[in-house]
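Geometric and topological summary
Chain by chain, the residues:
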Amino acid sequence: MSLTKSLRHILDNRKITVAQLSRQTGVPAKTIYHWLSGQQPRKIEHLFRICDVLNLSIEELYGRSKKSPTKPLLNKDLLLGELHAGVYEVILRPLKKKDEES
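Procedures and definitions
- Residues numbered from 1 in each chain as written.
- Predicted model: local features only at pLDDT ≥ 70, side-chain atom pairs only at ≥ 80, totals over all residues.
- Heavy atoms only, no water.
- Helix = DSSP H or I, 4+ residues; strand = E, 2+ residues; numbered from the N terminus.
- Contact = heavy atoms within 4.5 Å.
- Axes fitted to C-alpha atoms, helices over the stretch in contact; angles between N-to-C directions.
- Parallel < 35°, antiparallel > 145°, perpendicular 65-115°, else oblique.
- Nonpolar A, V, L, I, M, F, W, Y, C, P; charged D, E, K, R; others polar.
- Salt bridge = Lys/Arg side-chain N within 4 Å of Asp/Glu carboxyl O.
- 1 Å grid on protein atoms, 1.4 Å probe; cavity = no way out; pocket = protein on both sides within 12 Å on 5 of 7 lines; lining within 4 Å.
- Points joined across faces, edges and corners; volume = space filled by probe spheres on them.
- Left-handed = near helix turned anticlockwise from the far one by under 90°.

1. Some words on the environment of Gln40
In this structure, Gln40 sits in the loop between helix 3 (29–36) and helix 4 (44–54). Separated by 37 residues in the primary sequence, Gln40 and Leu3 place their C-alpha atoms 8.0 Å from one another. Those residues within four positions of Gln40 in sequence are excluded, and the remaining contacts are Trp35 and Tyr62.

2. Focus on the packing of helix 2 (residues 18–25) against helix 4
Contact pair helix 2 / helix 4: the axes reach a minimum separation of 9 Å and the direction vectors enclose 100 degrees. As far as their axial angle goes, helix 4 and helix 2 are roughly perpendicular. In this structure, helix 2 contributes Leu21, Gln24 and Thr25 to the contact, and helix 4 contributes Arg49, Ile50, Val53 and Leu54. Classifying every residue of the contact of helix 2 with helix 4 gives four nonpolar, two polar and one charged.

3. As for the pattern of salt bridges
Counted by the stated rule, this structure contains one salt bridge. Ionic pairing is found between Arg8 and Asp12, a salt bridge with its closest N-O pair at 3.9 Å. Of this pair, Arg8 and Asp12 both sit in helix 1 (residues 3–14), four residues apart, which is roughly one turn of that helix.

4. Let's talk about the layout of surface pockets
Over the atoms rolls a probe the size of a water molecule, and in doing so it shows where empty space is left. Reported here for the largest pocket is a volume of approximately 190 Å³. Lining the largest pocket are Thr31, His34, Trp35, Gln39, Gln40, Pro41, Arg42, Lys43 and His46. At three residues, helix 3 tops the list of elements feeding residues into the lining of the largest pocket. Class assignment of the residues belonging to the lining of the largest pocket gives a composition of two nonpolar, five polar and two charged.

5. With respect to the packing of helix 2 against helix 3
For any two helices packed against each other, one specifies the inter-axial angle together with the distance between the axes. Between helix 2 and helix 3, the shortest axis-to-axis distance is 9 Å and the interhelical angle comes to 125 degrees. Between helix 2 and helix 3, the angle falls in the class oblique. Relative to helix 3, helix 2 is oriented so that their crossing is right-handed. Seen from helix 2, the contacting residues are Val18, Leu21 and Ser22; seen from helix 3, they are Ala29, Ile32, Tyr33 and Leu36. When its residues are assigned to classes, the contact of helix 2 with helix 3 shows six nonpolar, one polar and no charged.

So this is what it looks like as structure tokens:
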């Protein structure tokens, strides 16, 4: 969902007018009307103020639902077990230049 549709939906559901939102956030009403007509926000600070007043995240303001925490891609215990599964020796030596190889 776009910011335009989502913001309109939020304002309608909460029965808040653009003028009220503008007064509460300090974001000019003209700016909010531009967003509702499809223009993209120019200042992230305006979005943050609106999110703070409406008690939403940026994702929710744009119509995305909060995601539940995802499980990590790698199992930490498994990874650590594999890393410590042996004894290793590391030898550092300078690389030979191509001229020196012949």
